Structure formats: C-alpha cells, structure tokens
Amino acid sequence: MELLDGFRQGLDEFGTRVHGVGAGQWASGTPCAEWSVRDLVNHLVGEHLWAPWLLRGATLAEVGDRFDGDVLGDDPVAAWDAAVARSREAVDRPGVLEGTVHTSAGEIPAEEYLRQMTLDLTVHAWDLARGTGAGDRLDPDLVALVYGHAAELAPQWQGVGIFAPPVPVPEDAPLQDRLVGLMGRRP
C-alpha cells in the first residue's frame, strides 16, 4: 500500500468508527487514559483542520489558535466529515509529498508528516473502536504500512509522552496486536 492510499484508508477506518458512535457514547473512556471518545475525536478533527494549512506551507504562528479547544460543536460527526473533506482535498493536491511542513518539532518533509498522520489515524481508529465497543480489526495492509514507521519512531515518542511505554506482546502475535502494543495499548 502506498502512503497516500494508506492515509485515505486511515481516514476511512477512523471515519467509519466516528459514524458508529452512539449518542450515549461520547463520554465513554478510551485506551487513551485521559481522553473520552469525544476528546479523541476532537483531537483527530483538530489535526485534520490543521492539515490543509500546514500542507500549504503555513507556519504554526500563521495558523495560530484557531483550532484550539473544542472543534466539534454540537455535531461531532459533521465536524469530522467537514474537517476530513478539507484534509482529503489537501492531500489530493499534486506534489503534496514534495513539500515541507512546519510542526512543533520543526520543519519536516510532507511525506513524514503524512506518515505520522496515517499512524495516528490507524492507532486512534483502534482506540475509538475499543472506546465504543465497535469492531477493532483494521485493514491489514494499513497496519503493515504504519508498523515499520511506528517501530522506528516509538522510542523517541515515548520519551516525550506522545505514546505510553510499549506493552509486551508475543513476537508471533498478529501485526495489529504488535502495533497497538508498541503504542502502549493492551491488544
């Protein structure tokens, strides 16, 4: 699976689960210890509101605080759909992988930014499924796409609190279980 196809699949995996959240589930807990279902969706909606700006070369200062706080309003599903529509459009722009993106960690290649976004979509789709009791099996090609990148970056990210310490998982466990274990979740 190519990166841009994986990004789109990640959007679909997370989006399917957003559309499945029941009215009484928004306050439910998730494997992200401090985040409810609503908090988790808010996090991803915020990321996808930022994405079009950053992929066009905007700096963090230029974006400012416009996407801070609650970006879901009264209709979290509609907020997701609107943010993703703009994010998809930005990613579908010719040459998107050739640019650079300003992040809190400095300027990085757009390809790296989209790899990180794809990993975030994948792991958080699993989190959202667990928080709502939905099916948590992810597209195996998507999992394979993000696993190597996750294994490479996990030690750096865990040291700064982006992900919890890894959870031991047998080496012969399915790749999805190894991925979520690597990201500090119990499969």
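A brief look at the structure comes next. (Residues numbered from 1 in each chain as written. Predicted model: local features only at pLDDT ≥ 70, side-chain atom pairs only at ≥ 80, totals over all residues. Heavy atoms only, no water.)

Here we take up the side chain of T132. Along the polypeptide, T132 turns up in helix 5 (residues 110-132). What makes T132 buried here is its relative accessible area of 14%. Excluding residues within four positions of it along the chain, T132 makes contact with V21, Q25 and V37. (Helix = DSSP H or I, 4+ residues; strand = E, 2+ residues; numbered from the N terminus. Buried < 20%, exposed > 50% of the residue type's maximum accessible area, 1.4 Å probe, protein only. Contact = heavy atoms within 4.5 Å.)

A few words on the nonpolar core. In this structure, F14, V45, L55, W80, Y113 and M183 are the most contacted members of the largest nonpolar core, which totals 55 residues. Beyond its immediate stretch of four places on either side in the chain, M183 contacts L119, V123, A150, A154, F163 and A164. (Core = buried A, V, L, I, M, F, W, Y, C linked by side-chain atoms within 4.5 Å.)

Relative orientation of the contacting elements helix 2 (residues 37-55) and helix 5 amounts to 160°, with a least axis distance of 10 Å. Taken together, the axes of helix 2 and helix 5 lie roughly antiparallel to each other. Considering the relative orientation of helix 2 and helix 5, their crossing is left-handed. When helix 2 is examined against helix 5, the residues V37, L40, V41, H43, L44, E47, H48, W50, A51, L54 and L55 are found in contact with a partner set consisting of A110, Y113, L114, M117, D120, L121, H124, D127, L128, G131 and T132. Each residue belonging to the contact of helix 2 with helix 5 can be placed in one class, and the counts come to 14 nonpolar, five polar and three charged. (Axes fitted to C-alpha atoms, helices over the stretch in contact; angles between N-to-C directions. Parallel < 35°, antiparallel > 145°, perpendicular 65-115°, else oblique. Left-handed = near helix turned anticlockwise from the far one by under 90°. Nonpolar A, V, L, I, M, F, W, Y, C, P; charged D, E, K, R; others polar.)

As a further point, take helix 5. For helix 5, with 23 residues, the first-to-last C-alpha span of 32 Å sits near the 33 Å given by 1.5 Å per residue. Counting buried positions along helix 5 yields 19 of 23 residues, so the element is predominantly enclosed. Remark: G133 follows helix 5 within two positions and exhibits a positive phi of approximately 80°. (Expected span 1.5 Å × (residues − 1).)

On to the packing of aromatic side chains. On inspection of all chains with the given rule, the structure shows two aromatic pairs. Plain terms: the ring middles of F14 and W80 are 5.0 Å apart, the flat faces sit at 55° to each other, and that makes the pair tilted. Within this pair, whereas F14 is found in helix 1 (residues 3-19), its partner W80 is found in helix 4 (residues 76-91), the two being separated by 66 residues in sequence. Given the relative accessible area of 0%, F14 is considered buried. Residue W80 is classed as buried on the basis of its relative accessible area of 2%. A cation over a ring is seen here: R56 above W53, with NZ or CZ 5.2 Å from the ring centre. The ring of Y147 is capped by R178, whose NZ or CZ atom sits 5.7 Å from the centre of that ring. (Phe/Tyr/Trp six-rings, centres within 6.5 Å; stacked < 30°, edge-to-face > 60°. Lys NZ or Arg CZ within 6 Å of the ring centre and 35° of its normal.)

Moving on, we come to helix 7 (residues 175-182). Within helix 7, six of the eight residues are buried, leaving the element largely enclosed by the surrounding structure. Residues Q176, D177, L179, V180, G181 and L182 constitute the buried set of helix 7. Phi turns positive, to about 85°, at G184, one or two residues after helix 7.

Geometric descriptors of this kind do not, in isolation, establish any biological role.
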